[in-house]
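Fold and contact review
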Amino acid sequence: AEPVVQKHLESLQSSCGNGLETGALQRLTNLLLVEGLTDIQQKEHDILQVETTKGLPNTSQSIPLEKLFLPLSKVSIPPRISVTIGVAGIGKSTLVKLFVCSWAKGEISRDTMFVLPLTFRELNTYEKLSAERLLCSARPHTTEPGPVPAGAARTLLILDGLDEFKTPLDFSNAVVCTDPKKEIQVDSLITNIIRGNLLQEASVWVTSRPAAARQIPSGLVDRMTEIRGFGAAEMKDFLDQMFLGNRDLSSQVLQHIRANRSLHVLCTIPSFCWISGSSIAYFLKCSSDRSQEATVVPRTLSEIYSYYFKMALSGDWLEKPRETLRIEQAVNTSKKLVGSLGRLAFCGLLRRKHVFYEQDMKAYGIDLSLLHSSLSSRLLLKEDMQASTAYCFSHLTIQEFLAALYYYTAAKRAFFDLFTESGVSWPRLGFLSHFRSAVQRALQAEDRQLDIFIRFLSGLLSPQVNELLSGWLLVKDEHGGLRSQAIGVLQGCLNAEHAVSSRAVNAVRCLHEIQHTDTAKAVEEAMRSESLAGMLTPMNCSALAYLLQVSDVCLEETNLSNCLTYNVCKSLLSQLLFCHNLRLDNNQFKDDVMELLGSVLSVKDCQIQRLSLAENQISNKGAKALARSLLVNRSLTVLDLRSNSIGPTGAKVSTALQPLEASTHGFTPVSHSLQHNSIKEHGATFLAEALLTNHRLVTLHLQKNAIGAQGARDIAEALKQNRSLRELISVGRNGLAHPHTLPVCLSLQSNSISSTGVTALTAALCSNKGLLSLNLRENSISKEGGPAIARALRSNSTLRKLDLAANLLCDDGGKAIALAIKENRALTSLHLQWNFLQAKAATALAQALQSNSSLASLDLQENAIGDEGMAALSAALKVNTTLADLHLQVASVGAAGAQALAEALMVNKSLQILDLRGNSLGLAGAKAVANALKVNRSLRRLNLQENSLGMDGAICIATALKGNHGLTYVNLQGNRIGQSGAKVISDTIRTNSPDCVVDV
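Given the structure is predicted, the values throughout are model-derived calculations rather than measurements. (Residues numbered from 1 in each chain as written. Predicted model: local features only at pLDDT ≥ 70, side-chain atom pairs only at ≥ 80, totals over all residues. Heavy atoms only, no water.)

**Concerning unusual backbone geometry**
It is generally the case that most residues other than glycine have a negative phi and that most peptide bonds are trans. The criterion, for reference: Helix numbers and strand numbers start at the N terminus; a helix is a DSSP run of H or I with at least 4 residues, a strand a run of E with at least 2. Exposure is judged per residue with a 1.4 Å probe applied to protein chains only, and the accessible area is read against the type maximum: over 50% gives exposed, under 20% gives buried, and values in between give partly exposed.
Positioned with a positive phi, Phe 836 is a non-glycine residue whose angle comes to about 60°. With respect to the secondary-structure elements, Phe 836 resides in the loop between strand E22 (829–831) and helix H35 (839–851). Among the residues examined, Phe 836 registers a relative accessible area of 48% and is labelled partly exposed. Positioned with a positive phi, Glu 946 is a non-glycine residue whose angle comes to about 50°. By relative accessible area, Glu 946 is classed as partly exposed at 41%.

Have a look at this one:
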């Protein structure tokens, strides 16, 4: 058998190696692993699928091509039936060629003895086949049939292009056949092979467009993969390859594509990128040839395809110079060909037929001798097979544009409905009647296969397209009267529906093609200025749904705050699925809307990653509805429920934060905001329970929830237990799918937790190794809490930020913390503002700063440390090398304190921000600071607002800046300088230090 195998390998290499350029194929070496078809893939046209999902896949898990038919883990078995899906033009057949070629060269799947590639195009030419004859047809160069080699996964049968098969697969009624020699209907043969009644030893790989793949029951598919479109770098490489040797043209084309968001999304499909690239390049060439005429960049689909066709008709291909001889004659022949191909395209579209054979061509009166022209090679692809020749349009959209051209022309003179193939119907007179009929058909089509055809048909009525194609394929200015009536028909589709569907969005896209954009522009403007409230009629809702897909306003965030009602939200539901960052604040939403949003979050297609519902009226019932959806949702990472009324029971939403058993796929939010929700002690207890098992939560905001001392104690206990996860974090970073992390940021601001609560919390901190930031502002923590915090700071080695502002620590509490800072090596930021600290606490902190080498920011504002405290801190600044920010607003510092500080500034090299607002440095203090500024090089920002400097003091500071090159900002406001003085000072500073901004 060796020579047979060798012959097979050589044959495959020669047949599959053609046209495989290595550069563009990198994308195909990694496929996306998917869990079956999404709703959109089953119901929508390929182009709409890409537009709706913005070209972004719903999965991040990929599988390399070389592992496509291997088990996923040590305990699983290789897949028998694999299906790879991809929209039209994404590269399914190229992928098959790449795989077969790589296998034949021995690069991948070496344990597979035979790879037998077949296309459904070929299978269409047979009426009946046996399993054995099928295998022979895949190996035409070997005469003997030969059984399938023994051993599972030794033979791979590839069936490429299920969407091109002429007979639908019917798994429920197919007759069972187990005899490999028996000749049966081809569709029955395929269902029996997939079911495992025939060739059960062989593996089968089917490729298909998404909607056609649903013919195979999901229970029979062992592995489904999807081909992804171009990323940004791949699109650039593809265009560079397309315009080899003309980098300028390539980058101009890319610039035009990127400037148009909806076009950019579709250009993730290689075939579409080729058509758009060719059209835009042709446009650029035309506009440079005819510089005096104003030409508009092609922006709509119809404009792109009009340029493509014009280029094809004129034979004016970028790579071929125009042949001047017999142009007129050639153009007329081309027009005739476009007409007959248009009829073929339209009838094919109605029958869902995309592959045509010689008998089809003859039936539609197509002169086969014309199919060798350059025009034909741009519109049609020809494939010679064993028994016959197959033709298909170079992309699905080319067929749809040709069909629209045919319908547009035929509708002007047809008496009967063009959709009834027998030609017998009630009379239909006039273009508008036919246009209305086409729109109705498109709306009613279950499989949505007429959506792009309707878009092109609408586009042919736009002034721009008429101008482009008049004299070629259209009559000049004939669209005028028809356009406004067609707009009326399309707008009628928008008012009819209660819920905004993809059909309505497609109607808005048709209005865009016809160049009627008033509605969409008005809604976009309202979105930009956040004034949508009250204007969301059914028509405007459809326009909004369209804008969610294409507008730059929604690029970073979709902000629908303060404008939605229950009914409007309900009508837009299906359109919100693909908004990655969705803000729905302040909409007066009640619990019933949470039921609606829960249904969206539960859908498999959902891609919402950040959801903000702040400042609504959500109670515990609404929180429960959200919690239920979070059990199955896989996309959400940030949930913001600030300022609602979810209460203690609603805090049980946190049960959704508990990781589920491995059998379900609950992904949990990484960040959870529950500020101002009346959670109280009870709710804190529920949250603490969730924290015991949650391994993903990184940020938890609980400010203003009155959780009290007991609540703080419970959360503290939970943080203690969380310790075991610390060991797992390093494992996570080395390959675990979901790193187990502790909450790294805990905010308990304004919760009255008092010293009792803080004692429990800090006890947990002693052993906790994950918390990086702790906010305990406004919690009535008295001096008794100081030693507890000190104990934690001595033993904790990970906490970076500690905020204790607005408590009651006093000198004793402050001193206890200062002693711990002496030993702590982790803390970088400490806020002690407004804590009734005085000179003693400041002195203790100063002593700590002399040996501490981690603290970079210290906030002591609104503590009366006075000149004594300032002198102590200044002494520390002479030796400290890490403190960069020092905040001493309203700290009772006078001239003597300023004198001490000035001496420190002359030697300190680390301080960058110094805020002394609201003290009383006076003229003497200003002079001292000015002298220091002449020497200091580290300070970047200096605030001396409200310090009684007077005009003279301010002048001192201003002139001192002559020698200082470090300062970028100085604030001298509120120093009784006066209008004229302010001008003198700002002029002086502008002259002395032009890079420094001054507020006077």
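**Considering helix H9 (residues 232–242)**
So the rule is basically this: Working rule for contacts: check all heavy atoms of both residues, and any pair within 4.5 Å makes them a contact.
Within H9, burial applies to Met 235, Phe 238, Leu 239, Asp 240 and Met 242. Lining the buried residues of H9 we find helix H10 (247–258), helix H11 (261–266) and helix H12 (270–289).

**Considerations on the pattern of salt bridges**
As a reminder of what qualifies: When a carboxyl oxygen of Asp or Glu lies within 4 Å of a side-chain nitrogen of Lys or Arg, that pair is called a salt bridge.
Summed over all chains, the structure comprises 27 salt bridges. With its nearest N and O atoms 2.9 Å apart, the salt bridge here joins Arg 209 to Asp 46. Taken together, the positions of Arg 209 in the loop between strand E8 (203–208) and helix H8 (210–213) and Asp 46 in helix H3 (residues 46–52) put the pair 163 residues apart, joining distant regions of the chain. In terms of burial, Arg 209 and Asp 46 fall into one category: buried. In this structure, Arg 642 and Asp 640 form a salt bridge, with 2.9 Å as the shortest nitrogen-oxygen distance. Overlapping salt bridges, with partners in common, bring together Glu 44, Arg 448 and Asp 451 in one network.

**With respect to helix H6 (residues 131–138)**
Because an α-helix packs 3.6 residues into every turn, residues spaced three or four apart end up facing the same way. As a reminder, the rule being used: In this description, one arc is meant: the one made by directions from the helix axis to the C-beta atoms.
Every buried residue of H6 is accounted for by Ala 131, Leu 134, Leu 135, Ser 137 and Ala 138. All buried residues of H6 project into a common sector of 160° when viewed along the axis, lining one side. On its buried side, H6 packs onto helix H1 (2–16), strand E4 (114–119), helix H5 (120–123), strand E5 (128–129), strand E6 (155–160) and helix H7 (186–195).

**Side note on empty space enclosed by the protein**
Empty pockets left among the atoms are what a rolling probe the size of a water molecule brings to light. The cut-off we apply is this: Only protein atoms enter the 1 Å grid used here. Points where a 1.4 Å probe fits but cannot escape make up a cavity, open sets with protein on both sides within 12 Å along at least five of seven lines make up a pocket, and a residue lines them when an atom lies within 4 Å of a point. Grid points are joined across faces, edges and corners, and a volume is the space filled by probe spheres set on the points.
Scanning the entire structure with this criterion turns up eight cavities of 30 Å³ or more. Taken as a whole, the largest cavity holds about 120 Å³ of empty space. Along its surface, the largest cavity is lined by 13 residues, and Ser 262, Arg 299, Leu 301, Arg 509 and Glu 513 are the ones closest to its centre.

**Topic: a nonpolar patch on the surface**
The following threshold applies: Patch criteria: residues need more than 30% relative accessible area and no salt bridge. Like-charged residues are merged within 9 Å; nonpolar side chains of Val, Leu, Ile, Met, Phe, Trp and Tyr are merged within 5 Å. The Shrake-Rupley method, run with a 1.4 Å probe, gives the accessible areas here. Residue values count only the displayed protein chains as cover.
A cluster of nonpolar side chains, namely Phe 415, Phe 416 and Leu 429, defines an oily patch on the protein surface of about 340 Å² accessible area. The residue Phe 416 is located in the loop between helix H17 (396–411) and helix H18 (431–444) in this model. Using a relative accessible area of 38% as the deciding quantity, one classes Phe 416 as partly exposed.

**Thoughts on the confidence of the model for the protein chain**
We apply this condition: Per residue, pLDDT captures the predictor's confidence, and it can take any value from 0 to 100.
Averaged over every residue, the pLDDT of the protein chain is 87; the share at 70 or more is 90%. The model gives residues 148–153 a pLDDT under 50, and that stretch makes 14 contacts with residues more than four places away or in other chains. For the stretch residues 658–667, pLDDT sits under 50, and the model shows 21 contacts to residues farther than four places along the chain or on other chains.

**Some remarks on the pairing of strand E12 (residues 389–393)**
Stated precisely, the cut-off is as follows: A pair of strands is labelled paired if DSSP reports no fewer than 2 bridges between them.
Within E12, five of the five residues are buried, leaving the element largely enclosed by the surrounding structure. The alternating pattern of E12 places Thr 389, Tyr 391 and Phe 393 on one face and Ala 390 and Cys 392 on the opposite face, and all of these are buried. Pairing analysis gives three bridges linking strand E10 (residues 355–357) to E12, with the strands arranged antiparallel. Residue pairing for E12: Val 355 is matched across the bridge by Cys 392.

**Considering the nonpolar core**
The line we're drawing: Among buried residues, those of type Ala, Val, Leu, Ile, Met, Phe, Trp, Tyr and Cys that are joined through side-chain atoms within 4.5 Å constitute a nonpolar core.
Of all hydrophobic cores here, the largest spans 318 residues; its most connected members are Phe 99, Phe 453, Leu 560, Leu 613, Ile 715, Leu 830 and Leu 972. A per-element tally of this core places H17 first, with 11 residues. With sequence-adjacent residues up to four places away left out, Phe 453 is seen in contact with Phe 346, Leu 349, Glu 400, Ala 403, Ala 404, Tyr 407, Phe 419 and Ala 438.

**Describing the sheet that holds strand E11 (residues 380–384)**
Stated formally: The axes are straight lines fitted to the C-alpha atoms, using for helices just the contacting stretch, and the angles between their N-to-C directions are given from 0 to 180°.
Strand order across the open sheet formed by three strands is E10-E12-E11, with antiparallel pairing between neighbours. Each of the sheet's edge strands pairs with one partner strand only, and the pair in question is E10 and E11. On average, adjacent strands in this sheet sit at an angle of 30° to one another, irrespective of strand direction.

**Topic: the sheet that holds E4**
Spatially, seven strands are ordered E2-E1-E9-E3-E8-E6-E4 in an open sheet, and the strand pairing comes out mixed. If you trace the sheet from one side to the other, it starts and ends with strand E2 (62–64) and E4, each paired once. Strand-to-strand twist of the sheet, defined as the mean angle between neighbouring strand axes without regard to direction, takes the value 25°. Strand direction decides the pairing type here: strand E3 (residues 81–85) and E8, joined by five bridges, are parallel. From the neighbouring strand, Ser 82 faces E8, where its bridge partner is Trp 205.

**Some points on the pairing of E6**
Along any regular strand the residues' side chains alternate between the sheet's two faces. Extensive coverage of E6 is indicated by the burial of six of its six residues. Pairing of E4 with E6 involves six bridges; the strand directions are parallel. Its bridge partner being in E6, Leu 116 is matched across the sheet by Leu 157. Pairing between E6 and E8: five bridges, direction parallel. In the sheet register, Asp 160 faces E8, and the bridge partner there is Thr 207.

**Here's the deal with the packing of helix H13 (residues 301–313) against H17**
Each pair of packed helices gets described by two things: the angle between the helix axes and the distance between those axes. Keep this limit in mind: For classification purposes, angles smaller than 35 degrees are called roughly parallel, those larger than 145 roughly antiparallel, those between 65 and 115 roughly perpendicular, and all remaining angles oblique.
Direction vectors running N to C along H13 and H17 enclose 90°, while the axes themselves pass 11 Å from each other. In terms of orientation, H13 lies roughly perpendicular with respect to H17. On H17, the residues touching Ser 302, Tyr 305, Ser 306, Tyr 308 and Phe 309 of H13 are Thr 397, Ile 398, Phe 401, Leu 402 and Leu 405.

**Here we look at the side chain of Asp 811**
Quick reminder of the rule: Note on charges: Lys and Arg go in the positive column, Asp and Glu in the negative column, and His and the chain ends are not counted at all.
For Asp 811, the location among the structural elements is in helix H34 (residues 810–823). Buried and unpaired, Asp 811 has no salt bridge, with Lys 840 as the nearest side chain of opposite charge at 5.7 Å. Beyond its immediate stretch of four places on either side in the chain, Asp 811 contacts Phe 836, Leu 837, Gln 838, Ala 839, Lys 840 and Ala 841.

**Regarding the side chain of Glu 226**
Where we set the bar: Think of a polar contact as two N or O atoms within 3.5 Å of one another; within protein, one of them needs to be a possible hydrogen donor and the other a possible acceptor, and neighboring residues in sequence only count if both atoms come from side chains.
Relative to the elements of secondary structure, Glu 226 occurs in strand E9 (residues 223–226). With no salt bridge to any partner, buried Glu 226 finds its closest opposite charge in Arg 27, at an N-O distance of 10.0 Å. Of the polar contacts made by the side chain of Glu 226, one reaches the side chain of Gln 41; its length is 3.3 Å.

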